[in-house]
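# Fold and geometry: a report
Residue-level listing of the chains:
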Amino acid sequence: MAMIDVQDDTINSFTLSSTSSISDKAYVTWGCELNSTQRTAVFDVDYPLECQFFVKTISLGAGSSDELHVVAVGDGDGKVKEVPVATLRHSMPMVSFQGFELTPPVTFKLTSGQGPVFIAGQHVTSKSIFFFLYDRLNDVHDEPIAGWWKKTTERRSSPTKQEIMSGASVFTDATTAPPTQETKILSDFRRDAHPEKVYLAGREYRSEDGHTTILPLVWKIKHQIGSDPTLSPRYQSALGLSELTKRVAELALGKDSPAIMENRVLGTQAVGCMGAVRLGAELLRRSASWCGPILLPSPCDDSLAGTFEAAGFGNVSYYRYWDAKSLSVCVEDLFKDLEEAPEQSVVVLSAPGHYPTGAELSVEDWKLMAEVMVGRRLFPFFLMSEQGLSKSFERDAWPVRHCVSLGMEVMCAQSFCHTIGLYGEQVGHLLCVLKHNSFLLAVQSQVEKLVQTLWCSPPTDGARVVATVLSNPAHLVEWQEGVKGYVERCMLNREQLREKLRLLGCPGQWDHLTKQTGLYCCTGLTGPQVDFLGRRRHVYILPNGCLNISAINSRNIDYVAESIHLALTSL
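Right, let's walk through the structure included here. All chains use their own residue numbering, which begins from 1 and follows the written sequence. Residue-level local features of this predicted model are given only where pLDDT is at least 70; pairs of side-chain atoms are given and counted only at 80 or more, and the full residue set underlies all totals for whole chains, interfaces and linings. Here the side-chain values reflect all heavy atoms present in the structure, with hydrogen atoms and water set aside.

A few words now on the side chain of Asp301. Every helix listed is a DSSP run of H or I at least four residues long, and every strand listed is a run of E at least two residues long, numbered separately from the N terminus. For Asp301, the location among the structural elements is in the loop between β14 (294–298) and α8 (302–310). N or O atoms within 3.5 Å of each other form a polar contact, as long as, within protein, one can give a hydrogen and the other can take it, and as long as residues adjacent in sequence are counted only when both atoms are side-chain atoms. Of note is the side chain of Asp301, whose polar atom sits 2.5 Å from the side chain of Arg203. Beyond its immediate sequence surroundings of up to four residues, Asp301 is in contact with Arg203, Met274 and Tyr355. Residue contacts follow a heavy-atom distance rule, with two residues in contact if any of their heavy atoms lie within 4.5 Å.

Shown next as structure tokens:
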């Protein structure tokens, strides 16, 4: 057995440690190399309960390639899945740890990269156990293990900022989310340097000059509110501005609505239309008596499914709405899907201006749909972000009012981004019509609690603008006339585009353009034809052939029509 020379409590015959005679602890340095041929290393001791093991550094060695190197840690038995603890590249060749303790046995594994990667750690044990293990090591070696020992009574110092910044990140495993189709299209458009490029995939209403627009009335009201010293900048209640919720409910249901008179309507200000959808989804999710799946129209806004899933709905499916062959609503298939839907399903419906097709149901179709929903015990959840932009304010709200007149409970997500131009303010509203006013206080308390977890208090400035417009009869008339001008311009764009396509001799019929309403329309172009428009003609529309009709103006309509004609005749 090898002898150990002890002088002044310092042991000089072991290369792996330092020790403290005061604490009777031995501090042993441990290290290993991981590479393409040796991808795992195990640290183990005979007495794990008497030992501590700390990882100090993990670093790249010389000759390593500039690729992602990932080191993971697991137990020595392989029963627990390895957990990544360090990600290394040439730009970050070393990770330092402070107080990173592991219980032996420990397995280090190089899960990505070819190395070499060096791991340095510290094994802390009692002197008695260390000398026992040391003697065992010397028994199996011809000569003692070279090393050094020293006394240490110093307290562990606080980590430096550099050590903290070089440590493992909470977001090491975060992956880049794929962009939405709209984000990708907009990115492609912005990178395009062609002087005649046209972007028709946006959601905002665009005026003749190609910009988003705000009515003069709205500018005036915003200026008045901004200069009013009596308005206090305090938080609003969870339900929002009371004057807003009252007027918005009247706009959707009518001032003489029996539901309003019977006090069984709850209105809540929300952050945009999608915020209203999320609030409604959260409220439905907490209803133990109504537990059916969510049915969305196909196609629809991509974010709808994610919004309901985020609220906890695991069963989100689709019903057929648009027929690409006939370029119209597939009414028979729609009714068939709803008739076969499970009872207590939540059916999401676009009242006016279906996104992205612009196709609407007729009054008779809405009546039949209401009968199906009553018979199958389906719950209607309306989307009404464009009231007034399809035909008129009264006509656009008719489907909601009809369902309420039948005694149905409904939800309706509303928005004033398009009609008032408050895109940045995101003034939304969730309308809940209940069967009995005895449920009102309970539902209201649930909504207030949910709002506290979603946005606490809704924004004020945009809500005051909308409330001022809706509560002043003169303002209301002026606003509705302004929105009517939007509708007429969009219809004129449809008619002009249809006529130009006809004169160019484009194959097929284009009457479907004028049968659709609202901001959006579906051209019927296929995926390859849409790609042709973007790559060869620098005209950007949605992949399903739909576009924002308000983005067409006198400066680009000829170029757009010619591009569509080329896409149809060149492929």
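Moving on: the pairing of strand β13 (residues 265–271). Relative accessibility thresholds used throughout: buried, under 20% of the residue-type maximum; exposed, over 50%; partly exposed, between the two (1.4 Å probe, protein chains only). Counted residue by residue, β13 has 6 buried out of 7 residues, so it is predominantly covered. Examined bridge by bridge, β13 and strand β21 (residues 427–433) share 7 bridges and lie antiparallel to one another. Looking at the pairing, Thr268 lines up with Leu430 of β21. Paired strands are those between which DSSP finds at least two bridges.

Below, the discussion takes up the nonpolar core. Counting residues in each nonpolar core, the largest one holds 103 residues, and the members touching the most others are Leu200, Leu334, Leu338, Met369, Phe382, Phe416 and Trp479. If near-sequence neighbours (up to four positions away) are discounted, Met369 is found in contact with Leu334, Phe335, Leu338, Leu349 and Leu361. Within this scheme, the nonpolar core is defined by two criteria: the residues are buried Ala, Val, Leu, Ile, Met, Phe, Trp, Tyr or Cys, and they are joined through side-chain atoms within 4.5 Å. Core analysis: the second largest hydrophobic core is formed by 36 residues, Ile294, Ala311, Phe381 and Trp455 among them.

Along the chain, Leu295 falls in strand β14. Here Leu295 falls in the buried class, since its relative accessible area comes to 5%. In sequence terms Leu295 and Val347 are 52 residues apart; their C-alpha atoms lie 4.9 Å from each other. For Leu295, the contacting residues outside a window of four places in its chain are Ser317, Tyr319, Leu338, Ala341, Ser345, Val346, Val347 and Val348.

Only protein atoms enter the 1 Å grid, on which a cavity is a set of points fitting a 1.4 Å probe that cannot get out and a pocket is an open set with protein on both sides within 12 Å along at least 5 of 7 lines, lining residues being those with an atom within 4 Å of a point. Grid points are joined across faces, edges and corners, and a volume is the space filled by probe spheres set on the points. Taken as a whole, this structure holds 4 cavities of 30 Å³ or more when the rule is applied. If you add up the space inside the largest cavity, you get close to 50 Å³. Each residue receives one of three labels: charged for Asp, Glu, Lys and Arg, nonpolar for Ala, Val, Leu, Ile, Met, Phe, Trp, Tyr, Cys and Pro, and polar for the others, Gly being one of them. Class assignment for the residues of the lining of the largest cavity results in 5 nonpolar, 4 polar and no charged.

Let us now look at the sheet that holds strand β8 (residues 83–88). Spatial ordering of the open sheet is given by β5-β10-β7-β8, a layout of 4 strands whose pairing is antiparallel. Edge positions in the open sheet fall to β5 (40–43) and β8, since each of these has one partner strand only. Across the sheet, the axes of successive neighbouring strands diverge by a mean angle of 25 degrees, strand direction being ignored. Pairing of strand β7 (residues 69–75) with strand β10 (residues 106–112) involves 6 bridges; the strand directions are antiparallel. Residue Asp75 lies in a different strand from β10, and its bridge partner there is Val106. Note on geometry: axes are C-alpha line fits, over the in-contact stretch for helices, and angles between N-to-C directions span 0 to 180 degrees.

Volume-wise, the largest pocket comes out at about 720 Å³. In this structure, the largest pocket is lined by 27 residues; those nearest its centre are Leu284, Ser287, Trp290, Phe379 and Glu409. Class assignment of the residues belonging to the lining of the largest pocket gives a composition of 19 nonpolar, 4 polar and 4 charged. Looking at the lining of the second largest pocket, the elements that each hand over two or more residues are α7 (272–285), β19 (379–384) and α13 (417–420). For the lining of the second largest pocket, the element with the most residues is α7, which contributes 5 residues. Residue composition of the lining of the second largest pocket, grouped by class: 14 nonpolar, 9 polar and 4 charged.

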